[in-house]
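Coordinates in review
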Amino acid sequence: TTRSGMPLRVERVTRRFGGVVALKDVSLDVPAGGRHAVIGPNGAGKSTLFRVVSGEYPPSEGRVILDGQSIGGMPPNRVAALGFARSFQTSSLFTRDTVLENVVLAVLAHLPGRRDLWNPIRTQTAALAQAEAALARMDLLGKAHEIAANLSHGEMRQLELAMVLAQDPRLLMLDEPLAGLSAHERDHVQQLILNLPRELTTVLIEHDLAFCLEFADHVTVLSNGELLATGTPAEIRANPEVQRVYVGS
Ligand code: ADP
Ligand code: MG
């Protein structure tokens, strides 16, 4: 495969569910190292976009190009093998295993191409180092040997983030990573996301406008499945249409 400087390109994607048009003619480009936020009210089509990019929902029209390669018709595990890491659709924690074991398993399970089958010790040592680095970044190294079931709700979210981060994704896509957290937990997880490596190409899907504007260098606003606005945080902040959609939210 040829790697382009554009890890993610969404080209005029429409996705219908029966009579419902969840996404209508949506395009976006995320350059390498870009931090892109997708915002919009409930039902705007954000999660549908996430699922289209992860290969879970084939587009009704248009194309998704990951690393220069169209993912049309690819099953989600092949899309993941291209270096896409997802988060928070389903909790994938092994609650009876330790925090560190969960992250090591995530590394080994999701990077089949990088596994050195002829040298399992080297593979495991590398996975361990990657897991520990991700835990440190998610402020969870102190709980590495804790059983996952004993973590607080916020710590479980930190663990889920560490698990996707440890996979060293070419594209990290997070769908509402703050959802369901208490105010205190939100502040912490928000800070950890703001501190993600700058070189990581990230798409943050969020309801929280202020967080998106702080995190991203480029923002796409969806409303009723349509692209309402796209631009820098400053442009989005000044956009009267966006202000209208966000009044009272
Ligand atoms: P958001 O994540 O922005 O809240 P969604 O992408 O979940 O929005 O939903 C956008 C629209 O698509 C909604 O009207 C929703 O009911 C519809 N939708 C999403 N997924 C499905 C599905 N699997 N089947 C039918 N309708 C769906
Ligand atoms: Mg959603």
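Residues numbered from 1 in each chain as written. Chains lettered and ligands numbered in written order. Predicted model: local features only at pLDDT ≥ 70, side-chain atom pairs only at ≥ 80, totals over all residues. Heavy atoms only, no water.

1. Digging into the sheet that holds strand S4 (residues 61–66)
Picture the strands of a sheet paired through backbone hydrogen bonds; they go either parallel or antiparallel. Taken together, four strands build an open sheet; the order of strands is S2-S1-S4-S5 and the sheet is antiparallel. The open sheet has two edge strands with one neighbour each: strand S2 (20–30) and strand S5 (69–70). With five bridges joining them, strand S1 (residues 8–17) and S4 adopt antiparallel strand pairing. Its bridge partner lying in S4, Arg9 is registered against Ile65. The strands touched by helix H1 (residues 46–53) within the sheet are S1, S2 and S4, with S1 carrying the most contacts at an inclination of about 115 degrees. (Pairing = 2+ DSSP bridges. Helix = DSSP H or I, 4+ residues; strand = E, 2+ residues; numbered from the N terminus. Contact = heavy atoms within 4.5 Å. Axes fitted to C-alpha atoms, helices over the stretch in contact; angles between N-to-C directions.)

2. Some points on the environment of Ser60
Counting through the fold element by element, Ser60 comes out in the loop between H1 and S4. Overall, the relative accessible area of 35% leaves Ser60 in the partly exposed class. Along the sequence, Ser60 and Val13 sit 47 residues apart, while their C-alpha atoms lie 7.3 Å from each other. When near neighbours in sequence (up to four residues on either side) are disregarded, Ser60 contacts Thr14, Arg15 and Arg16. At 2.9 Å, the side chain of Ser60 forms a polar contact with the backbone nitrogen of Arg16. (Buried < 20%, exposed > 50% of the residue type's maximum accessible area, 1.4 Å probe, protein only. Polar contact = N/O pair within 3.5 Å; in protein donor to acceptor, adjacent residues only side chain to side chain.)

3. A closer look at the nonpolar core
Residues Val103, Leu135, Leu159, Ile193 and Val219 are the most contacted members of the largest nonpolar core, which totals 48 residues. Here Val219 is in contact with His36, Ala37, Ile39, Cys212, Leu213, Ala229, Thr230, Gly231, Pro233 and Ile236, once residues within four sequence places are set aside. In terms of nonpolar packing, the next biggest core, distinct from the first, is built from 25 residues, Val30, Phe50, Met74 and Met173 among them. (Core = buried A, V, L, I, M, F, W, Y, C linked by side-chain atoms within 4.5 Å.)

4. Considerations on the packing of helix H4 (residues 120–137) against helix H5 (residues 153–165)
Working note: a packed helix pair is described by the angle between its axes plus the distance between those axes. Where H4 meets H5, the axes come as close as 8 Å, and the angle between the chain directions of the two elements is 135 degrees. For the element pair H4 / H5, the angle class is oblique. Relative to H5, the crossing made by H4 is right-handed. In contact with Ala134, Leu135 and Arg137 of H4, H5 contributes Leu159, Ala162 and Leu165. Taken together, the residues that form the contact of H4 with H5 break down as five nonpolar, no polar and one charged. (Parallel < 35°, antiparallel > 145°, perpendicular 65-115°, else oblique. Left-handed = near helix turned anticlockwise from the far one by under 90°. Nonpolar A, V, L, I, M, F, W, Y, C, P; charged D, E, K, R; others polar.)

5. Points about the pairing of strand S9 (residues 218–223)
Within S9, five of the six residues are buried, which leaves it mostly tucked inside the rest of the structure. Note: S9 against strand S10 (residues 226–231), five bridges, orientation antiparallel. Each bridged residue has a counterpart across the sheet, and for Val219 the counterpart in S10 is Gly231. Hairpin remark: S9 followed by S10, antiparallel, with two residues in the connecting loop; positive phi at Asn224, about 50 degrees.

6. Quick word on H4
In this model, H4 (18 residues) spans 26 Å end to end at C-alpha, consistent with the 26 Å of a helix rising 1.5 Å per residue. The set of residues buried in H4 consists of Thr123, Ala127, Ala131, Ala134 and Leu135. Looking straight down H4, one finds that the buried residues subtend no more than 100 degrees of arc, so they occupy a single side. Exposed and oriented more than 90 degrees from the buried face of H4 are Ile121 and Arg122. Here the buried face of H4 lies against helix H3 (99–110) and H5. (Expected span 1.5 Å × (residues − 1). Arc of directions from axis to C-beta.)

7. So, the confidence of the model for the protein chain
With 92% of its residues at a pLDDT of 70 or more, the protein chain has an overall mean of 89. Interface confidence for the predicted complex, expressed as ipTM, amounts to 0.98; the pTM equals 0.90. (pLDDT = per-residue confidence, 0-100.)

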